[in-house]
Amino acid sequence: MAAADADGEPWHSRDIEEVYDALAADPEGLGSEEVARRRAEYGPNRLPQPKPVTAWQVLLRQFRNPLIYILGVAALVSVGIGETTDAAFIAAVLLVNALVGGLQEWRAERSSQALRQLIRTRATVVRDGEVRDVDGEELVPGDVVLLESGSRVPADVRLSSTRGLEVDESALTGESEPASKREAWRGDEATPLGDRRNAAYAGTVVARGRGRGVVVETGADTVVGRLAEDVTAVEGGKPPLVARMERFTRIVGLAVLAAAAATALLGIFVRQYDAVEMFLFAVALAVSAIPEGLPVGITVALGVASRRMAAVGVIVRRLVAVEGLGSCTLIASDKTGTLTANELTAKRVRLPDGADFEVTGEGYDPAGEVLRDGRPPSPAHEDELTRLATAAVLCNEGDLHRRGDEWVRRGDPTDVALLALGRKLGVDRGSAVASRPQVGETPFEPERRYAATVHRTADGDRTFVKGAPERVIEMCTDAAGGEFSRSTLRSRAAEMARDGYRVLAVAEGAAPRSRAGSEASGSGDNGDPDDLTLLGLIGLIDPPRPGVADAIAAARRAGVAVTMITGDHPETALAVARTIGLADSDDEVTTGAELADATDDELAELLDATRVFARVSPDQKLALVRAARNAGHYVAVTGDGVNDAPALRQANIGIAMGKTGTDVARDAAELVISDDDFATIVAGIKQGRVAFDNVRKIVFLLVSTGAGEVVLVLSSLAAGLPLPLLPVQILWLNLVTNGIQDVALAFEPEEGDVLERPPRPPDERIFNRVMIERTVVSALVIGVIGFGAFDWLLDRGLSEAAARNHLLLLIVLFEIVNIGNARSETTSLFRLSPLRSPILLTGTVAALLIHVGAMYLPAGQRVLGTAPVAGELWLVLAATAATIAVAIELHKLSWRARYSSASPSESRPRSEKRHSDPGDTGETRGPDDAKQEE
């Protein structure tokens, strides 16, 4: 089935009789034989399930890295020239990298799959003339289904009858309030999904009332099914670390080829060396230049960050997304369930005398108080509040009770919110109904705009009413505890509505004799209640999550703009935005109608000026994300509903909600927030930035050592000296001694200011100016001093093997000192306590001990050509290695002197300059953060 039948007219725009005819269905239900035929034609009523990712797929995914390709080529070359030991070293590091990264991603996949909803949807259908309860997957187009409060809509349904039916469609539309349904309503083809009152859609939940209808779409043809298909057609953004590493690998590859070719040509044609010997020189040079330990180091750094994120509630489904979150410049957040609790809450009560009360507590948990100016109400007001709460819980179809350690709810969110308010005021529905049995009812209908119940009391039968203020106030002739003025009461209700509340009026009065002892049909034939006493106004709102306002402020301080994109009403969205400090005025709100014909350039301009996008469709949300990316933003999108899934996939980083999120949304995202809290995202940004800082430290440590080895080899070649280090010795340095330390460096804690600086531009190179300068300094110290030491050792009469042994130890000592330099780009080595990072200290000591073991153990001596070194030479070599600390300290002083006066505009990335944000503090970044892309 499609969105409409062969005639192309949508189901919601035609009469119910036309729908039955188009489906060849019977209002009394299908027969079993016809159901079987249709099931064979249309298939089961379920969404196409993505194939589960296997462990082998996750493992093979770890090899999709350009640097891995270069290492693979190096291993093949080593085998080709008979250096099997070198090839074994490289193969080992590739395997370790794949196992470390694969294990992390496999765990994340399993965590994500564990969040999938495993409860199968049941459906109540009419078949063969009788009502049956069947598995939702068995439904076919033409089935007649029955809906009731609390049930999940099993397919797309055209309603044929309703009784007070309201459906929670927030998973599709983003609206927090249930949508009222009416079978007689008809709309045109352009009617938005959230306004189609004669239809209910698969995956939504009946909040209250009852309904009956015919199934018009099943499986992939439902609204949720088509959205799920849209997700697979959208291409996500490439994480910045992947882009940076691809660019870095291309540079490394070209540099290796150029250096190796230059070395071979220089040796053969200028120095007249043997071609085979020069080939070995070229291989040694290539092995020196390639940072073999980098894949493992980066994988471990991202894995550490992933575990740190998991500790704060972020499940990482793709390892490279860790650093991506730290790079985001714009968070496009859903409102319902992300910025708000998705739990309608009574937050304000206004009595007829004008007394205004604040209701504390969040969500449906009845913990909280009703206060006036921070103090408990007076005894007189307490009596009036109790009377109001009693009426609210009597005129109520919901249920709220404790089960173990949690509160369990059922029914319409408004009813449940009123029950929670009643408990805060000491009124329980069970006790209230027990002393005042219900004898009549008028269910809520959109046309009536109120609900009423009749209860038998000691003073006779009484009517309790709740509904729209303008409707209920018209029924009243008196007000409890205050002067009755319709205009004043309407004005107060309008004021509360402007503040973003959904306002209900509550009243009571004597029941007319004609209503007592009967149940209204819902048609209004019994007449509306009148001569009532108004008890007060109740303001309900889906409250912001605790900590969201602080999290948004922290995001702004970190240079990350936050924009709300929701399908909810503009007034409601703006009220929430004001509460959390996101927006202040109507000028910062743009509606979906205003986006209808906007070009990408116009959308980019709106993104600069708008903090709240309301009444936005899924397609418009997708267009906004695409426009933000085209404008240069690195976009993180949050969402929990099916309607969010295409935008989650289009974003650079998709963030789905774990508790309330749909399976489609989670499958489209790279990250899952287990507690559904926006504040967790900011904590994740922090860990993402720490991860990138640690990746830079690892890159610096490995590349500076490798560059030093290149300088050493080239210097020896130019001077006519023998090969200073054998390829296997260089691999030992790069993979073992340096490899242990760079893995330990991945555990380095934050430097303390990661959320006080704007994000780095996504296109910024890993090697910015400070790293380039520092790498050159380190390479020259290691290479030049290492060459001098090698020459000196040969002059002292040591053999080539003995000189290489001492030089190998010197490079190990250089690495140990240099790891201290790598811990911070600006802070002095001598101000960083080694005890602050015990894992790094342990790794450094372990690297030294392993090399000492290789010097004394026969296996190490045989493979590496090592031997013990005399004590006095140990002291000489250690003092020589300390020169790299002096050189880097001098460079740090020089860097601070040159860039400490950088202005905020100079040090801010392009994305932050482009997107100004309210609350921007404009702090100056540290000199290491200054953008160095000249």
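It should be emphasised that the depicted structure is a prediction, and the values quoted were computed from it without experimental measurement.

1. Quick look at the overall build of the protein chain
Next up, step 1: For the protein chain, the helix and strand inventory stands at 34 helices and 26 strands.
Next up, step 2: Taking all 934 residues of the protein chain together, 56% fall into the buried category.
Next up, step 3: Surface summary for the protein chain: the accessible area is close to 36,300 Å², and the carbon and sulfur share equals 55%.

2. Here we look at the nonpolar core
Next up, step 1: Of all hydrophobic cores here, the largest spans 71 residues; its most connected members are Leu325, Ile655, Phe678 and Val699.
Next up, step 2: In terms of residues, this core owes the most to one element, helix α25 (residues 678–719), which gives 14 residues.
Next up, step 3: Leave out the neighbours within four places in its chain, and valine 699 touches Phe248, Leu294, Ser704, Ile766, Phe767 and Met771.

3. A short note on the packing of helix α13 (residues 379–394) against helix α14 (residues 413–424)
Next up, step 1: It is at 9 Å that the axes of α13 and α14 come closest, and there the two elements cross at 145°. The hand of the α13/α14 crossing is left-handed. Residue-level inspection shows Ala389, Ala392 and Val393 of α13 in contact with α14, the latter providing Leu418, Leu419 and Gly422.
Next up, step 2: Its residues assigned to classes, the contact of α13 with α14 comprises 5 nonpolar, 1 polar and no charged.

4. Overview of a nonpolar patch on the surface
Next up, step 1: Taken together, the side chains of Ile772, Val776, Leu780 and Val784 define a hydrophobic patch exposed on the protein surface, amounting to about 320 Å² of accessible area.
Next up, step 2: For isoleucine 772, the position within the fold is in helix α27 (residues 769–795).
Next up, step 3: Judged by relative accessible area, isoleucine 772 falls into the partly exposed class, the value being 37%.

5. Describing the pairing of strand β16 (residues 450–457)
Next up, step 1: Summarising burial for β16: 7 of the 8 residues are buried, a large majority.
Next up, step 2: Across 4 bridges, the pairing between strand β15 (residues 438–442) and β16 is antiparallel. Across the sheet, the residue bridging to threonine 442 is alanine 452, located in β16.
Next up, step 3: Here β16 pairs with strand β17 (residues 460–467) via 8 bridges, running antiparallel. Across the sheet, the residue bridging to alanine 451 is lysine 466, located in β17.
Next up, step 4: Between β16 and β17, which pair antiparallel one after the other, the connecting turn spans 2 residues.

6. Considerations on the sheet that holds strand β24 (residues 635–639)
In a beta sheet, neighbouring strands pair by backbone hydrogen bonds and run either parallel or antiparallel.
Next up, step 1: In spatial order, the strands read β8-β26-β25-β24-β9-β21-β23-β22; together these 8 strands make up an open sheet with mixed pairing. Each of the sheet's edge strands pairs with one partner strand only, and the pair in question is β8 (314–316) and β22 (589–591). For this sheet, the mean angle separating the axes of adjacent strands, direction not counted, is 20°.
Next up, step 2: The pairing of strand β9 (residues 330–333) with strand β21 (residues 561–565) spans 4 bridges and is parallel. Of the residues in β21, the one forming a bridge with leucine 330 is alanine 561.
Next up, step 3: Docked against the sheet, helix α22 (residues 618–630) engages β9, β21, β23 (612–614) and β24, running at close to 160° with respect to β24.

7. Brief notes about the packing of helix α10 (residues 294–311) against α25
Next up, step 1: The geometry of α10 relative to α25 is characterised by a closest axis approach of 9 Å and an angle of 160° between their N-to-C directions. With respect to α25, the element α10 is oriented roughly antiparallel. The handedness of the crossing between α10 and α25 is right-handed. On α25, the residues touching Leu294, Gly297, Ile298, Ala301, Leu302, Ala305, Arg308 and Met309 of α10 are Gly684, Gln687, Gly688, Val690, Ala691, Asn694, Val695, Ile698, Val699 and Leu702.
Next up, step 2: Class assignment for the residues of the contact of α10 with α25 results in 12 nonpolar, 5 polar and 1 charged.

8. Description of helix α32 (residues 883–899)
Next up, step 1: For α32, which comprises 17 residues, the first-to-last C-alpha distance of 24 Å matches the rise-based estimate of 24 Å (1.5 Å per residue) to within 8%.
Next up, step 2: Buried residues of α32: Ile884, Ala885, Ala887, Ile888, Glu889, His891, Lys892, Trp895 and Tyr899, and no others.
Next up, step 3: Buried residues belonging to α32 abut α27, α28 (800–822) and α31 (871–881).

9. Looking at the pattern of salt bridges
Oppositely charged side chains can form a pair if their charged atoms are brought close together.
Next up, step 1: Going through the model one piece at a time under the given rule, you end up with 33 salt bridges.
Next up, step 2: Across the pair arginine 387 and glutamate 508 runs a salt bridge whose closest N-O atoms are separated by 2.8 Å. On the criterion of sequence distance, the pair formed by arginine 387 in helix α13 and glutamate 508 in strand β19 (residues 502–510) is long-range, its members being 121 residues apart.
Next up, step 3: The class of arginine 387 is partly exposed, set by a relative accessible area of 34%.
Next up, step 4: When its relative accessible area of 7% is taken as the criterion, glutamate 508 is described as buried.
Next up, step 5: The partner of arginine 423 in a salt bridge is aspartate 428, and the shortest N-O contact between them spans 2.9 Å.
Next up, step 6: When its relative accessible area of 30% is taken as the criterion, arginine 423 is described as partly exposed.
Next up, step 7: A relative accessible area of 27% means that aspartate 428 is categorised as partly exposed.

10. So, the environment of valine 562
Next up, step 1: With respect to the element layout, valine 562 can be found in strand β21.
Next up, step 2: Measuring from C-alpha to C-alpha, the distance between valine 562 and alanine 332 comes to 6.1 Å, with 230 residues separating the pair along the chain.

11. Considering a negative patch on the surface
Next up, step 1: A contiguous patch of negative charge on the surface is contributed by Asp597, Asp600, Asp601, Glu602, Glu605 and Asp608.
Next up, step 2: Position of aspartate 608 relative to the elements: it lies in helix α21 (residues 600–609).

12. Regarding unusual backbone geometry
Next up, step 1: Even without glycine at this site, alanine 24 takes up a positive phi of about 55°.
Next up, step 2: Using a relative accessible area of 59% as the deciding quantity, one classes alanine 24 as exposed.
Next up, step 3: A positive phi is found at aspartate 531, a non-glycine position, where the angle reads about 55°.
Next up, step 4: The topology assignment puts aspartate 531 in the loop between β19 and β20 (532–541).

13. Notes on α28
Next up, step 1: Helix length check: α28 (23 residues) gives 32 Å between terminal C-alpha atoms against 33 Å at 1.5 Å per residue, within 8%.
Next up, step 2: With 19 of its 23 residues buried, α28 lies for the most part within the structure.

14. Describing the pairing of strand β11 (residues 356–359)
Next up, step 1: Alternating positions in β11 separate cleanly, Phe357 and Val359 being buried on one face and Asp356 and Glu358 remaining unburied on the opposite face.
Next up, step 2: By the bridge criterion, 3 bridges tie strand β10 (residues 345–350) to β11 in an arrangement that is antiparallel. Across the sheet, residue arginine 350 finds its bridge partner in β11, namely aspartate 356.
Next up, step 3: As consecutive antiparallel partners, β10 and β11 are separated by 5 residues, and within that stretch glycine 354 has a phi angle of approximately 95°, a positive value.
Next up, step 4: As paired strands, β11 and strand β12 (residues 370–371) are joined by 2 bridges and run antiparallel to one another.

15. Things to note about the confidence of the model for the protein chain
Next up, step 1: Across the protein chain, the average pLDDT comes to 82, with 84% of residues at 70 or higher.
Next up, step 2: Within the model, pLDDT remains below 50 along residues 515–525, and this stretch shows 29 contacts once partners closer than five positions in the same chain are excluded.
Next up, step 3: The low-confidence segment residues 901–934 (pLDDT under 50) makes 79 contacts with residues lying over four places distant or belonging to another chain.

16. Side note on the side chain of threonine 191
Next up, step 1: Looking at the element boundaries, threonine 191 is found in the loop between β5 (179–180) and β6 (199–200).
Next up, step 2: Judged by relative accessible area, which is 10%, threonine 191 ranks as buried.
Next up, step 3: Of note is the side chain of threonine 191, whose polar atom sits 3.0 Å from the side chain of aspartate 188.
Next up, step 4: Once residues lying within four places of it in the same chain are set aside, the contact partners of threonine 191 are His12, Trp185 and Arg196.

17. Brief notes about the environment of glutamine 620
Next up, step 1: With respect to the helices and strands, the residue glutamine 620 is situated in helix α22.
Next up, step 2: Of the residues examined, glutamine 620 reaches a relative accessible area of 17% and is grouped as buried.
Next up, step 3: In this structure, glutamine 620 is in contact with Gly592, Leu595, Ala596 and Arg615, ignoring residues within four places of it in sequence.
Next up, step 4: Here the side chain of glutamine 620 touches glycine 592 through a polar contact of 2.7 Å, landing on its backbone oxygen.

Rules and cut-offs
Position numbers for residues start from 1 in each chain and track the written sequence from start to end. For this predicted model, a pLDDT threshold of at least 70 governs which residues receive local features, and a threshold of 80 or more governs which side-chain atom pairs are given and counted, while totals over whole chains, interfaces and linings are taken from all residues. Excluding hydrogens and water, the side-chain figures rest on all heavy atoms present in the structure. Counting from the N terminus, the helices are the DSSP runs of H or I reaching at least four residues and the strands are the DSSP runs of E reaching at least two. Here's how the labels work: a residue is buried when its accessible area is under 20% of the maximum for its type, exposed when over 50%, partly exposed in between, all with a 1.4 Å probe on protein chains only. The Shrake-Rupley method, run with a 1.4 Å probe sphere, supplies the accessible areas, and residue values consider only the shown protein chains as cover. Take the buried residues of types Ala, Val, Leu, Ile, Met, Phe, Trp, Tyr and Cys, join any two whose side-chain atoms come within 4.5 Å, and each joined set is a nonpolar core. Residues are treated as being in contact if the distance between any of their heavy atoms lies within 4.5 Å. Note on definitions: angles span 0 to 180 degrees between N-to-C directions of axes, and those axes are lines fitted to C-alpha atoms, for helices only across the stretch in contact. In this scheme the handedness of a crossing depends on how the near helix is turned from the far one: anticlockwise by less than a right angle means left-handed, clockwise means right-handed. In this classification, the charged set is Asp, Glu, Lys and Arg, the nonpolar set is Ala, Val, Leu, Ile, Met, Phe, Trp, Tyr, Cys and Pro, and all remaining amino acids, among them Gly, are polar. Residues forming no salt bridge and having over 30% relative accessible area are the ones grouped into patches, like charges within 9 Å of each other and nonpolar side chains (Val, Leu, Ile, Met, Phe, Trp, Tyr) within 5 Å. Criterion for a salt bridge: a side-chain nitrogen of Lys or Arg within 4 Å of a carboxyl oxygen of Asp or Glu. Two strands form a pair only when DSSP identifies at least two bridges running between them. Angles below 35 degrees are treated as roughly parallel, those above 145 as roughly antiparallel, those between 65 and 115 as roughly perpendicular, and all remaining angles as oblique. Residue count minus one, scaled by 1.5 Å, sets the expected span of a helix. The positive count covers Lys and Arg only, the negative count covers Asp and Glu only, and His and the chain ends enter neither. To locate a charge, take atom NZ for lysine, CZ for arginine, CG for aspartate or CD for glutamate. On a range of 0 to 100, pLDDT expresses the predictor's confidence in each residue. Between N or O atoms, a polar contact is any pair within 3.5 Å; within protein, one atom must be a potential hydrogen donor and the other a potential acceptor, and residues adjacent in sequence are included only when both atoms are from side chains.

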